[in-house]
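# Coordinate analysis (summary)
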Amino acid sequence: MYVHTFMYVSPSLQTVALDGDIPLVQVLHCASHLAHWGKAITIYPLSESNVYIASPEASTSVNSVLSRSFSETFSDSTLAELLSDFSLPVSLGELKQKFMDDDRIIKMVVWLLQYRQITQLHTYVYIVPLIQMAHLPGSFSPTSSGFGSDHTAFDSTPFSLRPLSRSSDSGEQISV
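In this report, we go over the structure that sits alongside the text.

What counts, and where the lines are drawn
- Residues numbered from 1 in each chain as written.
- Predicted model: local features only at pLDDT ≥ 70, side-chain atom pairs only at ≥ 80, totals over all residues.
- Heavy atoms only, no water.
- Helix = DSSP H or I, 4+ residues; strand = E, 2+ residues; numbered from the N terminus.
- Buried < 20%, exposed > 50% of the residue type's maximum accessible area, 1.4 Å probe, protein only.
- Contact = heavy atoms within 4.5 Å.
- Areas by Shrake-Rupley, 256 points an atom, 1.4 Å probe, with all protein chains shown as cover.
- Patch = residues over 30% accessible without salt bridge, like charges linked within 9 Å, V, L, I, M, F, W, Y side chains within 5 Å.
- Salt bridge = Lys/Arg side-chain N within 4 Å of Asp/Glu carboxyl O.
- Pairing = 2+ DSSP bridges.
- Phe/Tyr/Trp six-rings, centres within 6.5 Å; stacked < 30°, edge-to-face > 60°.
- Core = buried A, V, L, I, M, F, W, Y, C linked by side-chain atoms within 4.5 Å.

### Considerations on the overall build of the protein
Looking only at helices and strands, one finds six helices and five strands in the protein. When the helices and strands of the protein are read in sequence order from the N terminus, they spell out α-α-β-α-α-β-α-α-β-β-β. Taking all 176 residues of the protein together, 25% fall into the buried category. For the protein, the proportion of contacts with a sequence separation of at least 24, taken over those separated by at least 6, is 56%. When the accessible surface of the protein is split by element, carbon and sulfur atoms take 58% of a total near 12,700 Å².

Okay, structure coming up:
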């Protein structure tokens, strides 16, 4: 099997499937299984707008195995110094401006991602359509039964606001 490709960053799982002559579905299942059990991680394609932050489990000890490995790979930098740049969320574009060496900082970010020292932050946008309450089944409009003509709806909000009214025991209208 083509297991050794999961030990480094591959261009894509589709490339792994083509190189190994394995159906793409089987490669996806294998990758999903490995990621589920923590034996592999998904590294999203790098772009300047990606935002990263130091992982809560990041190794900050100066004498740790990861720190020594990082120093061997990148001789003029230390892991603690680089992780300090990720103490607040930072984009890859901001890092590239700070370090001026695009190729080197990208290799450092990939190394940090591989060893789970940083985490990519994702932004999700939820779009909630504004709908009129009168168009919903079972909703009341200001002119429908249950509301008098003296009550008004406020159209400046996403949902119509109508003054509530109740009847007292004596039959008089009470506005709330």
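Now that the structure is up, let's keep going.
### Remarks on the environment of Ser69
Inspection of the secondary structure puts Ser69 in helix H3 (residues 65–73). Distance in space between the C-alpha atoms of Ser69 and Leu79 is 9.1 Å, their sequence separation being 10 residues.

### Observations regarding a nonpolar patch on the surface
Residues Tyr124, Tyr126 and Val128 make up a contiguous nonpolar surface patch of roughly 460 Å² in combined accessible area. Structurally, Tyr126 can be placed in the loop between strand E3 (118–121) and strand E4 (165–167).

### Points about the pairing of E3
The side-chain alternation of E3 yields one buried face, formed by Ile118 and Gln120, and one unburied face, formed by Thr119 and Leu121. Note that strand E1 (residues 51–54) and E3 share four bridges and pair antiparallel. Within E3, the residue paired with Tyr52 across the bridge is Gln120.

### Section: the packing of aromatic side chains
A full pass over the atoms with the stated rule returns three aromatic pairs. Summarising the aromatic geometry, the rings of Trp111 and Tyr115 are spaced 4.4 Å apart at their centres and angled 35 degrees between planes, so their arrangement reads as tilted. Classification of Trp111 by relative accessible area gives buried; the value is 6%. By the ring-pair criterion, three or more aromatic residues cluster together here, those being Phe70, Phe74, Trp111 and Tyr115.

### Here's the deal with the nonpolar core
Ranked by internal contacts, the top residues of the largest apolar core, which has 18 residues, are Tyr52, Phe70, Leu82, Phe86, Val109, Leu112 and Ile118. The set of elements that each furnish at least two residues to this core consists of helix H4 (79–84), helix H5 (92–99) and helix H6 (102–114). Element by element, the count of residues in this core is highest for H6, at six residues. Excluding residues within four positions of it along the chain, Phe70 makes contact with Ser77, Thr78, Leu79, Leu82, Met108 and Trp111.

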